[in-house]
Each structure stands twice: as C-alpha cells, then as structure tokens.
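Listed below, chain by chain, are the residues.
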Amino acid sequence: MPTEFHIGIDDTDSESGGCTTYTGAVLYQELYDIGIRPSDYPWLVRLNPNIPWKTRGNGAISIHLIIDEDQIETVQHLAVRITKETAHLSDKRADPAVVFLRGPVPMILQEYSLSALHNVLSIDQARSVARKASVETHLLKGSRGLIGSLASIGAGLDSVAHTFEIIAYRTRENLGTSRRVNSESIKVMDSKQGSGTFHNLDPESGRILVCPHGPDPVLLGIRGLTPQGVQDAFNRVQINETVERIMIFKTNQGTDAHLTQHRKVIELARYQSAVVTGRVDTVPKIVRGGHVIFQLSDETGSLSCAAYAPTRSLKAAARDLLPGDRARVYGGIRRYRNGKPTLNLEKIDLLSLVENVNKENPICNLCGSRCESMGRGQGLRCKKCGLHNETGTTIRIVTPRSLQLATYTAVVSARRHLSRPGNTVR
Ligand code: ATP
C-alpha cells in the first residue's frame with residue numbers, strides 16, 4: 001500500500017563551500033536513478049531571512065514521495081548517505097540534519113513552518129515538534145539543522161503561492177574559480193523572457209544577479225513563474241564551463257511569504273520578520289553612509305525604521321516622509337538601541353499623507369519686500385519701507401508631496417530571495 005513519505009534536509013553547507021540545494025539535487029536525481037519518482041519538484045524553502053546564523057539565504061530542502069512501505073528503508077539510507085557525502089561536516093558552522101515523515105503532513109508541522117518564516121525558533125521547540133509529529137530525525141553533528149529541515153517539510157508549497165528556480169551546478173574542479181557565464185546572453189535572456197522570470201539583473205546598473213560569487217557549487221540560478229519558463233530561460237544562457245547537473249526547484253522565493261505577520265510594536269523581538277502599521281513621528285534623518293532613519297509609532301510604542309543606502313528607491317521614499325504620514329512598514333528586527341527596536345526596511349505601504357505646509361510672511365504691497373510679524377494679533381510690518389498692515393497674517397504655502405499612496409520597495413539588487421518581484425514606485 002503506497003504511503004506519503006517526506007524528506008527534509010538543512011544546514012549541510014558553510015561559508016567555505018557546499019549548498020543544501022546541491023544535496024537535494026543529488027538525492028532527487030539518485031532517487032530517479034533507482035526508479036523512485038518523487039511526487040513533486042524538490043522544494044527549496046526559504047525561512048526567516050533575519051536569522052543571524054544563516055550562511056546565505058536561509059534555505060532548506062524537502063523531497064516528497066508516494067512510495068511502498070518496503071522502499072522506505074532504501075530511501076532513508078540513500079538520503080542519509082548523500083547528506084553525509086555532500087555536507088561540509090568539518091566546518092563548525094554546519095549542523096546537517098535529515099528528517100523523515102511517513103504519512104500526510106500534520107497541522108503542527110505546517111504551523112511550525114509558518115512560524116520559522118517569521119520568528120526565531122529554538123532547538124528544544126524543534127525537538128518537541130518532531131516528537132509530536134512523529135518525525136524521525138538524523139542529526140549528523142549538532143542539532144541546529146533540525147529547525148530548517150522540519151520547516152521545509154511543512155511549507156505546503158503544493159497549495160500556497162510558489163515560484164520556480166532552475167539551478168545549474170559546477171564541477172568539483174571549477175569550485176572557487178570565477179564563473180564562466182556570458183553576461184550578454186543573460187541580458188538577452190532577461191529581455192526575451194519578459195516577466196516570466198525575475199531578478200535576473202538589476203535594471204538600473206545592469207548588474208547580473210543570477211550568478212553567486214562564493215565558493216559554493218551553484219553556477220547560476222534563474223527564478224521564474226513556471227518550470228517551462230525557467231527551463232526556456234536557461235536554454236538561452238551561454239555557459240562556458242562544464243555543468244555538473246541541473247535541477248528545477250519549487251520554492252517560496254519571490255512571494256513575500258516572510259512579510260505577512262502583522263505585529264504591534266510591543267510584540268516585536270529581535271530577528272523577527274515583521275509588519276507594523278503606524279504613524280511617522282519624526283522628520284527622517286540621513287545618517288553616515290547615506291542611510292535614512294525615521295521613527296514610527298502605534299498605540300503600543302515606537303520603533304526606529306532604517307532604509308539602508310543600497311535599497312536606493314526605498315531609501316529615497318523614506319527620506320521624503322513627513323511626521324503625521326501613516327505607513328505600513330515591512331522588514332526585519334535586527335537590533336535594539338536604548339530599548340527601542342530597529343526595523344530594517346524591505347518595503348513601505350503608504351496609507352495616508354499629510355499636507356506639506358509651510359508658513360511665510362507675505363510681500364509688502366508698496367515696495368515688494370518681505371513683511372515681518374509684529375507679534376501675536378498685531379499684524380505685519382514691511383521690513384524695508386515700514387508699511388504697517390494691521391490685519392495681515394502669514395500665508396500657507398502647500399508644496400505638493402513627491403510620494404503617492406503606493407508601495408515602495410528596494411531596488412532589485414537589494415532584495416531578498418523571498419522578496420516579491422515587481423517594479424519599485426519612483
Ligand atoms: P544556504 O542558503 O546556502 O543553503 P543557509 O543560508 O540556508 O545556507 P544554513 O547553513 O542552512 O544557512 O543555516 C541556517 C540555520 O538556521 C539552519 O541550521 C536552520 O535550521 C536554522 N534556522 C532556519 N530558520 C530558523 C528560525 N526561524 N529560527 C532559528 N533557526 C532557524
């Protein structure tokens with residue numbers, strides 16, 4: 001009798017090399033080689049991007065099967081062996097974990113996965129969820145990888161919003177060398193594929209974003225809306241080195257899945273992903289490095305919001321806010337200063353804008369010079385000719401706002417894997 005069987009893997013890599021997607025790709029293809037067909041593409045699940053101990057994009061992998069009971073042992077052996085072979089076990093920052101679940105994914109695991117997108121979870125919590133959900137765990141070193149491997153199984157990408165990424169991997173002898181991918185062919189691919197693929201390059205600077213730069217085995221990754229779309233895009237790219245293997249992943253990248261938890265200021269905690277609605281309290285300040293900081297408050301407290309210089313369009317929008325504007329801010333809580341949380345901005349929705357009003361003394365009717373106030377209720381007097389206007393008052397100058405009631409996002413090169421594609425306003 002066939003049964004659902006789910007494999008979750010995380011934390012096989014470190015800054016010195018490796019990539020959990022590579023472990024997933026090897027396992028998926030070796031399952032195929034022994035005649036076992038997973039029931040979906042492998043899932044590349046991005047989790048809370050504000051976790052400080054991530055290597056790069058906080059990604060975990062899961063593979064989903066419907067298999068006969070008597071195949072389970074073979075699959076488990078294969079998964080553990082391949083994780084051991086591809087993991088960077090010698091690196092102290094890698095804590096590889098492989099987990100197995102028989103049967104349908106229980107609600108507790110789905111809820112856990114959602115929480116792992118927004119919060120910082122403990123290893124104890126992970127152990128408790130694994131026990132309650134009857135998940136079998138294989139920890140190859142420390143325990144931290146358990147968190148992501150469990151969360152990847154519960155991500156529900158068969159029903160929630162998802163996209164695809166095609167990843168090409170490098171051969172061992174090329175690791176650490178510069179990637180030989182023709183930049184012009186990526187620009188042509190980007191222009192031909194339209195919005196079917198996204199975040200291929202930064203439209204303003206032309207910088208190529210599909211190739212990483214580190215020692216990991218990823219040669220390039222193209223993100224898009226359909227498997228066919230990413231495959232077609234890949235076929236257009238001119239690659240001048242040997243490709244070891246290619247894999248298409250189903251993923252929550254490009255969905256803003258981490259920016260859905262609305263919180264009050266009082267509920268915020270370090271390293272969360274958060275959405276807060278409030279009122280701008282201060283004129284934004286430009287600090288060293290060109291970053292923009294402003295204060296926002298709701299009925300429970302106030303927080304600092306930081307738009308960093310590389311986010312360009314987002315920083316420019318933040319700079320033009322005025323006290324009294326209402327905004328919904330999205331991002332990660334990275335630190336506290338004087339007990340106050342700082343949210344690193346990823347996106348701002350402007351909900352209402354105050355008028356930009358300045359008051360000026362009028363021009364003298366006689367000589368055209370600027371008048372000055374003679375004190376409260378005493379009218380105005382011309383500074384130059386002395387003409388006295390007893391009923392004169394200051395005039396209101398309304399300057400049109402440069403901002404609109406719209407969503408402002410960072411430029412493409414400053415976005416996260418999870419950030420939804422789309423044009424920035426400005
Ligand atoms: P790559 O993208 O190259 O695969 P990475 O950025 O995913 O690397 P990992 O090496 O997998 O980084 O490290 C992330 C670690 O954080 C993992 O051990 C994972 O279990 C853990 N983790 C993931 N989400 C959370 C969370 N919400 N709370 C606490 N720990 C988490």
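Residues numbered from 1 in each chain as written. Predicted model: local features only at pLDDT ≥ 70, side-chain atom pairs only at ≥ 80, totals over all residues. Heavy atoms only, no water.

Undergrad: Report on the site of the ligand, specifying residues and quantitative values.
TA: The environment of the ligand is made up of 23 residues, and the closest members are D11, D13, R56, N58 and G59. G59 is positioned with one of its backbone polar atoms (N or O) 2.6 Å from an oxygen atom of the ligand. Relative to its unbound accessible surface of 640 Å², the ligand loses 99% to contact with the protein. Looking at the shell around the ligand, the element that brings in the most residues is helix α5 (residues 145-153), giving three residues. Partitioning the shell around the ligand into residue classes produces seven nonpolar, nine polar and seven charged. (Near = heavy atom within 4 Å. Polar contact = N/O pair within 3.5 Å; in protein donor to acceptor, adjacent residues only side chain to side chain. Areas by Shrake-Rupley, 256 points an atom, 1.4 Å probe, with all protein chains shown as cover. Helix = DSSP H or I, 4+ residues; strand = E, 2+ residues; numbered from the N terminus. Nonpolar A, V, L, I, M, F, W, Y, C, P; charged D, E, K, R; others polar.)

Undergrad: I'd like a rundown of helix α4 (residues 123-132), residues and numbers included.
TA: Quick reminder: α-helices carry 3.6 residues per turn. Residues three or four places apart thus point the same way. For α4, every residue scored as buried is listed here: A126, S128, V129 and A130. Of the surrounding secondary structure, the elements contacted by the buried residues of α4 are α3 (107-118), β5 (136-139) and α5. Of the residues one or two after α4, S134 is the one with positive phi, at around 55°. (Buried < 20%, exposed > 50% of the residue type's maximum accessible area, 1.4 Å probe, protein only. Contact = heavy atoms within 4.5 Å.)

Undergrad: Tell me about the packing of α3 against α5, and name the residues and values.
TA: Relative to each other, α3 and α5 sit at 120°, their axes nearing to 8 Å. Classified by the angle their axes make, α3 and α5 are oblique. Crossing handedness for the pair α3 and α5: left-handed. Judged by residue contacts, L109, Y112, S113 and A116 of α3 engage I147, L150, A151 and I153 from α5. Broken down by class, the residue content of the contact of α3 with α5 amounts to seven nonpolar, one polar and no charged. (Axes fitted to C-alpha atoms, helices over the stretch in contact; angles between N-to-C directions. Parallel < 35°, antiparallel > 145°, perpendicular 65-115°, else oblique. Left-handed = near helix turned anticlockwise from the far one by under 90°.)

Undergrad: Kindly report on helix α1 (residues 20-33), identifying the contributing residues and their values.
TA: End to end, α1 covers 20 Å across 14 residues, agreeing with the expected 20 Å (1.5 Å per residue, within 8%). A large share of α1 lies buried, amounting to 10 of its 14 residues. Those residues of α1 not exposed but buried are T20, T21, Y22, T23, G24, A25, V26, L27, Y28 and L31. (Expected span 1.5 Å × (residues − 1).)

Undergrad: Could you give me a rundown of the sheet that holds strand β19 (residues 388-389), with the residues and numbers involved?
TA: On the basis of which strands lie adjacent, the open sheet formed by three strands has the order β17-β18-β19 and antiparallel pairing. Two strands lie at the open edges of the sheet, namely β17 (371-373) and β19, each paired on one side alone. Here strand β18 (residues 380-382) pairs with β19 via two bridges, running antiparallel. From the neighbouring strand, R381 faces β19, where its bridge partner is H388. (Pairing = 2+ DSSP bridges.)

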